[in-house]
Amino acid sequence: MRSELPLGSHPGYPELTYHADPGLGSGSIKDLSRSPAAFSFAKRFRKAPTAAMDFGSMFHMKLLQPERFDREVYVTDADLPRRGTKAWAEFEAMARGSLRASPDAPILFCDAEDRARMDAMLQGLGRIQSEMGLNPFEEAGHSECAHFWDDPAGVRGKALVDRMATGLEWLVDVKTTTVDLDARGLFRHAVDYAWATQAAWYMRGVRETTGWASPMFAFAVFQTKAPFSARFMPVPPETLAVANRLVERALSNHAELTAKQGDAPRDPDSGVLELRYPDWFVDSLGE
């Protein structure tokens, strides 16, 4: 399927339109880097949005696009009706009527607890700024910038960059998480969710669409529970080198799938596996 969405870089691009594009985004690249089977099954069994995902979406809007937050988020101190009931349908219709969201845009609901959590999380920007000497979200640039490109590997690529600091040539992706933000826990979480692979794919697309030779990529990570820690995590060259190998594996797996259309891909993670302690765990015990 060939998209008619324009190639290039597009600040403030509509999220629903972006996701409708059939190009390979970072989610597809992450799945493909695991195996063709992971990619095929992820396309067939898409997850429904969870409460945590909705909260993350609201926080992204509050931080990056406050005007969109005002259009698409209904703020209330009242208890929400149970979803799926007649009372919920009436409440949702009332909420939509009070907002300026487009008819096809989902509305999100923000209660007093959500607002308090977001306020506590946003204080993390002060901690980041005190260490860096700047606030990356106050630098000149664009939020929710979509990139579409014809990749040299022969696929159509896409990336939705949370924040482009144009003067610094920085790309920043915002993450919200419940995990503790100590180094070991956060690194493990980042590996489990292939953050660096996302960074490598986004940088690849931005180089294709903007001509930036060597943009810097960083994650701004906000904890959604007390103590509401915040981290700014640049992705160094040695990490990107590994991530680029995973991107190349993903593109190779995609080419294999394309060549074998109709054949069910083999799952490499099935079978017999002995239980072993990882080296870092054994090393942590000492002698």
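Quick look at the pairing of strand β5 (residues 156–165)
Each regular strand displays side chains that alternate between the two surfaces of the sheet.
Okay, step 1: With ten of its ten residues buried, β5 lies for the most part within the structure.
Okay, step 2: Bridge analysis of strand β4 (residues 141–150) against β5 gives nine bridges, and the strand direction is antiparallel. The residue bridging C145 from the neighbouring strand is V161, located in β5.
Okay, step 3: Between β4 and β5, which pair antiparallel and follow one another directly, the connecting turn spans five residues, one of which, G154, has a positive phi of 90°.
Okay, step 4: Between the antiparallel neighbours β5 and strand β6 (residues 170–177) lie four residues, among them E169 with a positive phi of about 55°.

Observations concerning the packing of helix α2 (residues 26–34) against helix α3 (residues 36–44)
Angle between the axes and distance between the axes: these two values describe a pair of packed helices.
Okay, step 1: Relative to each other, α2 and α3 sit at 140°, their axes nearing to 5 Å. Judged on the interaxial angle alone, α3 and α2 are oblique. Residues S28, D31, L32 and R34 of α2 touch α3, and the partners they reach there are A38, F39 and A42.
Okay, step 2: Here the residues of the contact of α2 with α3 sort into four nonpolar, one polar and two charged.

What counts and what doesn't
Residues numbered from 1 in each chain as written. Predicted model: local features only at pLDDT ≥ 70, side-chain atom pairs only at ≥ 80, totals over all residues. Heavy atoms only, no water. Buried < 20%, exposed > 50% of the residue type's maximum accessible area, 1.4 Å probe, protein only. Helix = DSSP H or I, 4+ residues; strand = E, 2+ residues; numbered from the N terminus. Pairing = 2+ DSSP bridges. Axes fitted to C-alpha atoms, helices over the stretch in contact; angles between N-to-C directions. Parallel < 35°, antiparallel > 145°, perpendicular 65-115°, else oblique. Contact = heavy atoms within 4.5 Å. Nonpolar A, V, L, I, M, F, W, Y, C, P; charged D, E, K, R; others polar.

Scope: geometric values only; no functional claims are made or implied.
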